[in-house]
Amino acid sequence: MNSLLSRETQLKIMETTVTQAEKYLGQFCTLLASYARKTAKLRDKADLVVKQLVDFANTENPELRACLKNLAEDLAMVQDYRQAEVQRLETRVVSPLKTYGDIIKHKRADLKKLSAERNREIKELEKLEKMRQRNPSDRQAISQAESNAQKASADANRTTRQLEETISDFQRQKMEDIKKVFMEFITVEMLFHAKALEVYSNTFQNLENFDMEKDMETFRSRIQMYNGTLDSQTLQSVQSTSSVHRYPSPTPSSVKQYPNSVRRTRQSTLRRQNPVEEEEEEESSEEEEDLHNVRAMYEYEYAKSRRKKPSTQGGHRAQAQ
């Protein structure tokens, strides 16, 4: 009877171990898979921000245009790192947790086998006890019942020892896998944030060096040009190019460690914007030509007015005499 109670306690402990592993590892798998999907959605939203930044930059003055395009380029690089993060989470964190679905099914089958052996042992013992009470003189039947009970107990003991080893191995493997999975999770996150911080630090310096006053000077010169008050200094400021000093951002060298995990480089993210930039350069050339024509016209009108002025003063002097 004591062996039965001990075996029942063992079975409950084993079942609790498997049940808790099934519950919590399943929840971790679901939550971390959702975490990876949300990170991928964040990557996609950031790609839209990159496109919007480039579109907006193409409508602005040289200083702000260069600053925004630098920002878009760095943000695109961070999304390359984020893509590597997503694929690493899926392969190194989520996938190992998924395997525990099949592992736990096999452990439950082993527990079910032990439970069946224990029930058979209990039935044989109950049968022996009833036979002793009903027909204590039938030694042959009692001997046969004792033999069956001993065989059932031996089978249950053997199955229990085997299952003890199996569940102990399962517990050890579970702890090792949990340690490895969460170490991988932290490593992936640290790698992404370290690379992102490196890029964003340079991006911050580029934004800080944005020369707002120069863009305002260009903007005011355009307004003055349309009001007809154009001078050589204004023309020079309008025709000047951006002086934003670009701090070199880190190259996506670390991304090439995972050739299958990076879906594009910064150049491919911004490549679709090149036709817009070429068209803008053509418009800039046309604008410079127009400004040259306007300046020539103003110089001609000014020289013409200077030539007429002395003759007018001479007519006045003749009238006075």
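Up top is the structure.
Residues numbered from 1 in each chain as written. Predicted model: local features only at pLDDT ≥ 70, side-chain atom pairs only at ≥ 80, totals over all residues. Heavy atoms only, no water.

Colleague: What exactly am I supposed to notice about the packing of helix α2 (residues 62-98) against helix α4 (residues 139-208) here?
Modeller: A pair of packed helices can be characterised by two numbers: the angle between their axes and the separation between those axes. Contact pair α2 / α4: the axes reach a minimum separation of 9 Å and the direction vectors enclose 180°. Classed by the angle they form, the pair α2 and α4 counts as roughly antiparallel. A breakdown of the residues in the contact of α2 with α4 according to their chemical character gives 19 nonpolar, three polar and eight charged. (Axes fitted to C-alpha atoms, helices over the stretch in contact; angles between N-to-C directions. Helix = DSSP H or I, 4+ residues; strand = E, 2+ residues; numbered from the N terminus. Parallel < 35°, antiparallel > 145°, perpendicular 65-115°, else oblique. Nonpolar A, V, L, I, M, F, W, Y, C, P; charged D, E, K, R; others polar.)

Colleague: Is there a simple way to explain the pattern of salt bridges in this structure?
Modeller: Pairs can form between side chains of opposite charge once their charged atoms are near each other. What the rule picks out here adds up to four salt bridges. Of the charged contacts, one joins D44 and R43 as a salt bridge, the two residues approaching to 3.0 Å between their closest N and O atoms. In this structure D44 comes out as partly exposed when scored by relative accessible area, which is 36%. Between E184 and R92 there is a salt bridge; the shortest N-O distance is 3.5 Å. Within this pair, whereas E184 is found in helix α4, its partner R92 is found in helix α2, the two being separated by 92 residues in sequence. (Salt bridge = Lys/Arg side-chain N within 4 Å of Asp/Glu carboxyl O. Buried < 20%, exposed > 50% of the residue type's maximum accessible area, 1.4 Å probe, protein only.)

Colleague: How do you make sense of the packing of aromatic side chains when you look at a structure like this?
Modeller: How two aromatic rings sit relative to each other is given by the distance of their centres and the angle of their planes. Taken as a whole and assessed by the stated rule, the structure comprises three aromatic pairs. For the ring pair F28 and F182, a centre distance of 5.3 Å and an interplane angle of 80° mean the geometry is edge-to-face. Here F182 lies in helix α4 and F28 lies in helix α1 (residues 2-57), a separation of 154 residues in the sequence. Residue F28 is classed as partly exposed on the basis of its relative accessible area, which comes to 34%. Note on Y100 and F170: the rings are 6.3 Å apart at their centroids and 65° apart in plane angle, and the pair reads as edge-to-face. Of this pair, Y100 sits in helix α3 (residues 100-134) while F170 sits in helix α4, placing them 70 residues apart in sequence. Each member of the pair, Y100 as well as F170, carries the same accessibility label: buried. (Phe/Tyr/Trp six-rings, centres within 6.5 Å; stacked < 30°, edge-to-face > 60°.)

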